[in-house]
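Letter by letter, the chains look like this.
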Amino acid sequence: MASIAERPAALTNDEILRYSRHLIMPEVGMEGQLKLKQARVLCVGAGGLGSPLALYLAAAGVGTLGIVDFDVVDFTNLQRQILHSTADVGRKKLDSAAESIAGINPNVDVRKFEARLTSDNALDIFRDFDIVVDGTDNFATRYLVNDACVLTGKPNVYGSIFRFEGQASVFATQEGPCYRCLYPEPPPPGLVPSCAEGGVLGILPGLVGIIQATEAIKLILGSGEPLVGRLLLVDALSMRFRELKLRKNPDCPACGTRTITKLIDYEQFCGIRGEEKPATGNIGDMTPEELKERLDRGDNLFVLDVREPHEYQICNLGGHLIPLKELPQRMGELDPAREIVVHCKMGGRSAKAVEFLKQQGFTNVHNLVGGINAWSDRVDPKVPKY
Amino acid sequence: MKILIPTPLRQFAAGQSAVEVPAGTVGEAVQALLSSHPELRRHLYNDQGKLRAFVNLYLNEDDVRYLQHEQTPVADSDTLSIVPSIAGGRG
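What you see is a predicted model, and the numbers here were worked out from it, not measured in a lab.

K.L.:
Looking at this structure, I do not really get the interface of chain A and chain B. What am I missing?
P.N.:
Note: interface size is frequently given as the accessible area lost on complex formation between the parts. Taken together, the 37 residues of chain A in the interface contact 21 residues of chain B. Among the elements of the structure, helix H7 (139-152), strand S5 (156-162), strand S6 (165-171), helix H9 (195-198) and strand S8 (240-245) of chain A are those that each provide at least two residues to the side of chain A that touches chain B. Considering every element that reaches the side of chain A that touches chain B, the biggest residue donor is S5(A), with four residues.

What follows is the structure, given as structure tokens:
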């Protein structure tokens, strides 16, 4: 990658025309636009947050955009990941992202890192960038991004979303707090639902990603008041933006006492290793094919659906609906003498339900492996997947 | 005082986004909330009764860790926010 001395020192005439609306405002001007062109921003993740972020940074004229992603575009991404289009389903997100960016601004040098960010590669990847923007979707990578930013002295432009609520801040600047100052430890796995379980309003990563893009651009220009030492909370449903004060924690092991001197095992830190996988091959499992065969034979099976009512409306197998969290109170609706097959969307919640029912003395309970999505894949494609 | 409940925890508070509780301190406010919604407890406190490291309490815009923790006095006009860490974004 070009060293600072080799960074571009002038705009071409085409670029001057392209950035005209920046150049005529004193807050950017020729000097600011050159700073943008010389800037090297790394986007970790080319998904919900990474999409608006990368598109706007590219449009604004950020000269070098790095993207770290290892994923492939799927249909469920298109509701919010505007870097990718319908024709990109099945392609690498990196390739699709690079094409979208080139379409908007061919002057951008896109650096693709096809990898999961890990403790082994993070410092290497971060080295050649000035600013890191965190658009990841899990706690392990968020702590990794934070610690790597603190260790390399690069600002961490943070954004995170859940359903219709988001958070944004700028961490790990010289004088400001880092992510660990705010949250010293991650929640244990399973206590907080993921986006895949909890859902996310499609526009929300748009809102939060553009806040991150705004902060990245302000850091590059060195103007305005960056979100350092402030946590912005966005609630899209009530459309309220609130701001909380953050402090640098003198006892923070990353940026305070600096006891963290190298990257650690973040999966272990987040308790992911050894986490129970969705049950497969367990006694009591039933495959979609077996269930189909048994139902066709006219066996007297009781199908229990432990999803939420709004999921039942999307598609169902005609099962009796008791959402997982209501199961303890509504167990009386089940006949312990009958053979019960429990299902959910993918098999995770139903495995928990089966375990719970067995503890309660039910002996003839099965878990439909892979849930209604596997039923759709393997038995009846007319049942929609979601 | 008003307590604002974040999206991920609303399912444990009868779906409410905010509740009004009578309280003289931050701790009393949280206890009042937990007595009407006991399911919230394990999401806010660990087995040792300590506030979890991934949940912060803000009195208005200040982190109670930098005030007097749960002993921080509150007024009726104050707002207490529960701010847990959330991780979504890429997927």
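There is more to say after this.
K.L.:
Can you help me understand the pairing of strand S10 (residues 301-305) of chain A in this one?
P.N.:
Moving residue by residue along a regular strand, the side chains alternate between the two faces of the sheet. Residue and element names in this part refer to chain A. Note: S10 against strand S12 (residues 339-343), five bridges, orientation parallel. From the neighbouring strand, Asp305 faces S12, where its bridge partner is His343. With two bridges connecting them, S10 and strand S11 (residues 320-321) associate as parallel partners. The partner of Asp305 across the bridge, within S11, is Leu321.

K.L.:
Quick question: what am I supposed to make of H7(A) here?
P.N.:
Along an α-helix, residues three or four apart share an orientation, since each turn contains 3.6 residues. Residue and element names in this part refer to chain A. Across its 14 residues, H7 extends 20 Å between first and last C-alpha, which sits within 8% of the 20 Å expected from 1.5 Å per residue. The buried fraction of H7 is high, at twelve of 14 residues. Looking one or two residues past H7, Gly153 carries a phi angle of roughly 70 degrees, positive in sign.

K.L.:
Looking at this model, I keep getting lost on the sheet that holds S8(A). Mind explaining?
P.N.:
Sheets are built from strands that pair by backbone hydrogen bonding, the pairs being arranged parallel or antiparallel. Residue and element names in this part refer to chain A. Taken together, eight strands build an open sheet; the order of strands is S3-S2-S1-S4-S5-S6-S7-S8 and the sheet is mixed. Either end of the sheet is taken by a strand with one partner, and the two such strands are strand S3 (109-113) and S8. Mean inter-strand twist for the sheet, computed between neighbouring axes without regard to direction, equals 15 degrees. Pairing geometry for S5 and S6, over seven bridges, is antiparallel. Its bridge partner lying in S6, Val157 is registered against Val170. Across the face of the sheet, H7 comes into contact with strand S1 (40-44), strand S4 (131-134), S5 and S6 while running at roughly 165 degrees to S4.

K.L.:
Teacher, can you tell me more about helix H4 (residues 50-60) of chain A here?
P.N.:
All names here are of chain A. Of all the eleven residues making up H4, nine are buried; the element is thus mostly covered by neighbouring parts of the structure. For H4, every residue scored as buried is listed here: Gly50, Ser51, Pro52, Leu53, Ala54, Leu55, Leu57, Ala58 and Ala60. Buried residues along H4 sit against helix H3 (29-38), S1, strand S2 (64-68), helix H5 (93-104), S4 and helix H10 (203-221). Looking at the residues trailing H4, positive phi occurs at Gly61, about 100 degrees.

K.L.:
Help me out: how do you make sense of the environment of A:Pro288 in this one?
P.N.:
Residue and element names in this part refer to chain A. With respect to the helices and strands, the residue Pro288 is situated in helix H12 (residues 288-296). With 22 C-beta atoms packed within 10 Å, Pro288 lands in the buried category. Between the alpha carbons of Pro288 and Arg378 there is a distance of 6.9 Å; along the sequence they are 90 residues apart. Once residues within four sequence positions are removed from consideration, Pro288 is found in contact with Leu368, Gly370, Ala374, Trp375, Arg378 and Val379.

Quick notes on the rules
Residues numbered from 1 in each chain as written. Chains lettered and ligands numbered in written order. Predicted model: local features only at pLDDT ≥ 70, side-chain atom pairs only at ≥ 80, totals over all residues. Contact = placed C-beta atoms within 7 Å. Helix = DSSP H or I, 4+ residues; strand = E, 2+ residues; numbered from the N terminus. Pairing = 2+ DSSP bridges. Expected span 1.5 Å × (residues − 1). Buried ≥ 20, exposed ≤ 12 C-beta atoms within 10 Å, placed from the backbone. Axes fitted to C-alpha atoms, helices over the stretch in contact; angles between N-to-C directions.

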